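Observations on the model geometry
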Amino acid sequence: MTSSEPTIGFVSLGCPKNLVDSERILTQLRAEGYGLSPTYQDADLVVINTCGFIDAAVEESLDAIGEALRGNGRVIVTGCLGMRESHVRAAHPEVLAITGPHDYEAVMTAVHAHLPRPHDPFTALIPPQGIKLTPRHYAYLKISEGCNHRCSFCIIPSLRGDLVSRPIAEVLGEAERLVESGVRELLVVSQDTSAYGVDLKYRMDFWRGRPLATRLTELARELGQLPAWTRLHYVYPYPNVDDLLPLMADGLILPYLDMPLQHGSQRILRAMRRPAATEKVLSRIARWREICPDLVLRSTFIVGFPGETEDDFDQLLEFIQTAALDRVGCFAYSPVAGAAANALPDWVPDEVKQDRLQRFMEIQAEISRDKLALQIGREITVLIDDVSDERIVARGPGDAPEVDGLVIIEGAWEGVAPGDFMQVQVTGYDEHDLIAEPL
Ligand code: SF4
């Protein structure tokens, strides 16, 4: 935890259902970058998930609120007792906000209002596009913190430290509770997902009475047993990723890999101190597609890194044309205070960076369009994000929330709600999104 993180104290009272709500709120807080404090003194704010089932539980909840007010002063109340707002206010008029049970969206809104979320573009794992609360039907599942690499443009290891993986049973327990609370898509995030468990030497843990290694393949296989989609983010092309492809081909996890590759020139990748070699990445991608033809690959790249020549940039363009990735983000390099890359010579002028960025995006737009065109006629399962009188907004296996495209189903449809799965046939596409009809 860094001192810059806004930090929350959390008290969970009551029954197992309340505990599931607490887990959901804590997951969201952690995914948004809030720190958690075991003491009132070190927290910027305290959330109390209360119980109001019997008189003794009401008393216990009111006592806990009083204790938190004395120990910290800034308290948000949620849970069953929150339904009796006047009762809480009568005892503790100074609480900041009161929300009811199973309403974690309202709790998060109250937290944001009193302790703004700490979006840091250099460390956040959740996309910056107007970060909103994840709807009930998808959730981020953070499997580790920190990173063992030392990419020259990145300061995450100095902020977050080396890789620390969560034991596999803890992650699976959280995933299971999220699914029980209505989540239909788990978005696995970390700084370096393929390295999961390396720090623990893939230590054995116990899950449902069985020994299980703390390793990505095992985690993916177990997550695949849950009645929800599993989507993997920030996966680097290490050899162990090969083991995930059969799981995708078998439909256990989504055939989707979010793999930040950053460049296509070996020279620039070395200057960036990136782990993977371009040639190997290309042959690996080809092999993956043989195993799982539906695989959707997302990646991000940086143009205009210090020392990037026109030749390096051409290699990058050649790389993206050969790799034919489905979803691509590209950024013009901008220095981060404290990053080792700042000491590199031969900075690329801004206008050259912008020119390269534009050329890159034009080529990739064509590749992405061709990829979308190939979807026409296909029958896919989509997960519904939103339903209105005019249309359904959904996403397919190849569309991560917030960053990828959508699947639009025009018209008013009865009996469907966000979080439902639906079978559709793709009938068209526009620049980013697919158009489809229900089957
Ligand atoms: S892999 Fe590189 S870019 Fe990613 S967090 Fe680690 S050091 Fe930063």
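Thresholds applied
- Residues numbered from 1 in each chain as written.
- Predicted model: local features only at pLDDT ≥ 70, side-chain atom pairs only at ≥ 80, totals over all residues.
- Heavy atoms only, no water.
- pLDDT = per-residue confidence, 0-100.
- Contact = heavy atoms within 4.5 Å.
- Pairing = 2+ DSSP bridges.
- Helix = DSSP H or I, 4+ residues; strand = E, 2+ residues; numbered from the N terminus.
- Axes fitted to C-alpha atoms, helices over the stretch in contact; angles between N-to-C directions.
- Expected span 1.5 Å × (residues − 1).
- Buried < 20%, exposed > 50% of the residue type's maximum accessible area, 1.4 Å probe, protein only.
- Near = heavy atom within 4 Å.
- Nonpolar A, V, L, I, M, F, W, Y, C, P; charged D, E, K, R; others polar.

Attention now goes to the confidence of the model for the protein chain. Here the protein chain shows a mean pLDDT of 90. Residues at 70 or above account for 94%. A low-confidence stretch, residues 128-133 stays under pLDDT 50, and its non-local contacts, those more than four residues away or across chains, total 15 contacts.

Moving on, we get to the sheet that holds strand β5 (residues 97-98). Here we have five strands laid out as an open sheet, ordered β2-β1-β3-β4-β5, and parallel in their pairing. Among the strands making up the open sheet, the edge pair consists of β2 (35-37) and β5. Strand direction decides the pairing type here: strand β1 (residues 7-12) and β2, joined by three bridges, are parallel. Following the sheet pairing, I8 is matched in β2 by L36. Each of β3 (45-50) and β4 (75-79) is contacted by helix α2 (residues 55-71), which is oriented at about 175° to β3, the strand it contacts most. Strands in contact with helix α4 (residues 104-114) are β1, β3, β4 and β5; relative to β4, the strand with the most contacts, it is inclined by about 175°.

Turning our eyes to something else, we now look at helix α6 (residues 168-180). For α6, spanning 13 residues, the distance from its first C-alpha to its last is 18 Å, which sits close to the expected 18 Å at 1.5 Å a residue. Looking only at α6, the buried set comprises I168, A169, V171, L172, G173, E174, A175, L178 and V179. Positive phi appears at G182, one or two residues downstream of α6, with a value of about 110°.

The subject of this paragraph is the site of the ligand. Around the ligand sit C147, H149, C151, F153, C154, I156, P157, Q191, Y236 and R274, and that is every residue in its neighbourhood. Its residues assigned to classes, the shell around the ligand shows seven nonpolar, two polar and one charged.

We now examine the pairing of strand β17 (residues 391-395). Most of β17 sits out of view: four of its five residues are buried. Judged from the four bridges that link them, strand β16 (residues 379-387) and β17 form a sheet pairing that is antiparallel. Opposite L383, over in β17, you have R395 as the bridge partner. The hairpin turn running from β16 into β17, its antiparallel successor, is three residues long. In this sheet, strand β18 (residues 407-410) lies alongside β17 in antiparallel orientation, the contact comprising four bridges. Looking across to β18, one finds that R391 is bridged to E410.

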